[in-house]
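Fold and contact review
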Amino acid sequence: MNNFTFYSPTKIYFGRGTENSVGAILSERKIDNVLVVIGRGSVRQNGLLNRVEFSLKEKGVKYHILEGVRANPTFDLVQVGIDLVRQHKINFILAIGGGSVIDTAKCIAVNYDNDGDIKDFNFHRREVDHALPIGVILTISAAGSELSNSCVIQDDETGMKMGFNSDLVRPVFAIENPELTITVNKEQTAYGIVDILMHTLERYFSYSEEHELADEFALGLLKNVFEVGLLCYNDPMNYEYRARLMLASSLSHNGITSVGKGYSMPVHQLEHPLSGHFVHVAHGCGLAILFPSWAKYYYKYDLDKFALLGNRCFNLSLDNKEVTAIETIKRIEDYFHKLDMPSRLSEIGFNKDDVEVLINSVSRNGTRVIKHHKKDMDEKVVREIYISCL
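Note that the coordinates shown come from a computational prediction; the quantities given were computed from them, not determined experimentally. (Residues numbered from 1 in each chain as written. Predicted model: local features only at pLDDT ≥ 70, side-chain atom pairs only at ≥ 80, totals over all residues. Heavy atoms only, no water.)

Things to note about a nonpolar patch on the surface
There is a patch of nonpolar side chains on the surface, built from Ile12, Phe14, Leu247 and Leu251 and spanning about 290 Å² of accessible area. Every element with two or more residues in the nonpolar patch is listed here: strand S1 (11-14) and helix H8 (239-251). Taking relative accessible area as the criterion, phenylalanine 14 reaches 35% and is therefore assigned partly exposed. (Patch = residues over 30% accessible without salt bridge, like charges linked within 9 Å, V, L, I, M, F, W, Y side chains within 5 Å. Areas by Shrake-Rupley, 256 points an atom, 1.4 Å probe, with all protein chains shown as cover. Salt bridge = Lys/Arg side-chain N within 4 Å of Asp/Glu carboxyl O. Helix = DSSP H or I, 4+ residues; strand = E, 2+ residues; numbered from the N terminus. Buried < 20%, exposed > 50% of the residue type's maximum accessible area, 1.4 Å probe, protein only.)

Shown next as structure tokens:
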């Protein structure tokens, strides 16, 4: 086990009606001037924003609204948010939404007083050393950004999705009412389920010298999501299913399933150019296509872990580890099919020329290698995985 510092400061307010307490929560923290960041109108349409505004007004908390965050959020809207923070001397950012809205809030939080390039942190040209505090009212179970230290923003100029990690952008609180996710449609619910699974699977498959407690955390979470994900997908009005999925979303990305380990998220590295260059592709959709091909390439380097995953999550035999590992990958593919996810890039309109764009983006034209404990993912490996997805 590696040396580590585990930090997860986010206070979770979980359950029915918890969003109605946001004014009191902010008031207790002496917050009096808030930037509310939202997406493209759903929180207006379903009445959530009205309830939040009432709660803020009731406690005398001033607020200004930044609206219009899209999937794969952009630096353009981040700059609009920065301008609002400066203009109104805002001292707190409240994100109402999912990962895209939360990551937009995080990027504003680290750039609010930055006179340089707002892309510097995401492009790893500077280190974050301070940030405005952030709170979240979560509306979808997916990215886990409500407890994470990561922030990913889309650069439309280059087609690249770039991220940074800093504990300074971990939200100070997350309000999680599973009822708010009941209106999320089946397609978006499925994308979220895939994202939760991938945040956990990629940490689980990260190198550890022996079977560690983090691996047990990951296996337990995966078993729960494999079970409740389909239940939630097929019975979306069920509060308990939505609750289990929401909590799993948060715990999949706060670091507990990789504590004491390093991790590199190789499938995410493959997917970011996919939804970055081709913004019509949902992140979860890209992950569902890419993971089986990545797994079929790498399972032989991690037979024990693949076999154990199959045993714990799908009750598969461990007598022959290779057979168990191969069947485990098939079970995950079948699971994605049950969520109506595509399995090939051609199903979402990709051709060989598009794949070349992806290969060059991930490998930085052959100059970048993604580390693996037994077989690094260089340009040749990247090409083989993408081509096998086509």
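Here the narrative resumes, following the displayed structure.
Points about the side chain of aspartate 302
Its place among the elements puts aspartate 302 in the loop between helix H10 (283-298) and helix H11 (303-314). The charged side chain of aspartate 302 is buried without a salt bridge, its nearest counter-charge being lysine 374 at 5.4 Å. Reaching out from aspartate 302, the side chain makes a polar contact with the side chain of histidine 373 at a distance of 3.4 Å. Aside from chain neighbours lying at most four places away, what touches aspartate 302 is Phe205, His372 and His373. (Lys, Arg positive; Asp, Glu negative; His and termini not counted. Polar contact = N/O pair within 3.5 Å; in protein donor to acceptor, adjacent residues only side chain to side chain. Contact = heavy atoms within 4.5 Å.)

What to know about unusual backbone geometry
Residues other than glycine seldom take positive phi values, yet methionine 265 does so here, at roughly 55 degrees. Within the element layout of this structure, methionine 265 appears in the loop between H8 and helix H9 (266-277). Judged by its relative accessible area of 9%, methionine 265 is buried. One non-glycine residue, aspartate 340, lies in the positive phi region at around 60 degrees. Tracing the backbone through its elements, the reader meets aspartate 340 in the loop between helix H12 (321-338) and helix H13 (352-363). Aspartate 340 sits in the exposed class, given a relative accessible area of 56%.

Thoughts on the environment of aspartate 304
Note that aspartate 304 resides in helix H11. Put simply, aspartate 304 and tyrosine 241 are 63 residues apart on the chain and 31 Å apart in space, counted from C-alpha to C-alpha.

Some details on the packing of aromatic side chains
This model, assessed by the stated rule, comprises 13 aromatic pairs. Summarising the aromatic geometry, the rings of phenylalanine 92 and phenylalanine 173 are spaced 5.8 Å apart at their centres and angled 10 degrees between planes, so their arrangement reads as stacked. Residue phenylalanine 92 is found in strand S4 (residues 92-97), and its partner phenylalanine 173 is found in strand S8 (residues 173-176); the two are separated by 81 residues along the sequence. With respect to class, phenylalanine 92 is no different from phenylalanine 173; both count as buried. For the pair phenylalanine 205 and tryptophan 294, a centre-to-centre distance of 6.0 Å together with 55 degrees between the ring planes defines the contact as tilted. Residue phenylalanine 205 is located in the loop between helix H6 (186-204) and helix H7 (213-234), and its partner tryptophan 294 is located in helix H10; the two are separated by 89 residues in the primary sequence. The class for tryptophan 294 is buried, based on a relative accessible area of 5%. By the ring-pair criterion, three or more aromatic residues cluster together here, those being Tyr204, Phe205, Phe291, Trp294, Tyr297, Tyr298, Tyr301 and Phe306. Lying over the aromatic face of tyrosine 233, lysine 186 brings its terminal NZ or CZ to 4.3 Å of the ring centre. Over the face of the ring belonging to tyrosine 297 we find lysine 300, whose NZ or CZ atom lies 4.7 Å from the ring centre. (Phe/Tyr/Trp six-rings, centres within 6.5 Å; stacked < 30°, edge-to-face > 60°. Lys NZ or Arg CZ within 6 Å of the ring centre and 35° of its normal.)

Side note on the pairing of strand S5 (residues 134-138)
Counted residue by residue, S5 has 5 buried out of 5 residues, so it is predominantly covered. Neither face of S5 is exposed, since Ile134, Val136 and Leu138 on one face and Gly135 and Ile137 on the opposite face are all buried. By the bridge criterion, 5 bridges tie S4 to S5 in an arrangement that is parallel. Each bridged residue has a counterpart across the sheet, and for isoleucine 96 the counterpart in S5 is isoleucine 137. Relative to S8, S5 runs parallel, the two sharing 4 bridges. Directly across from glycine 135, in S8, lies its bridge partner phenylalanine 173. (Pairing = 2+ DSSP bridges.)

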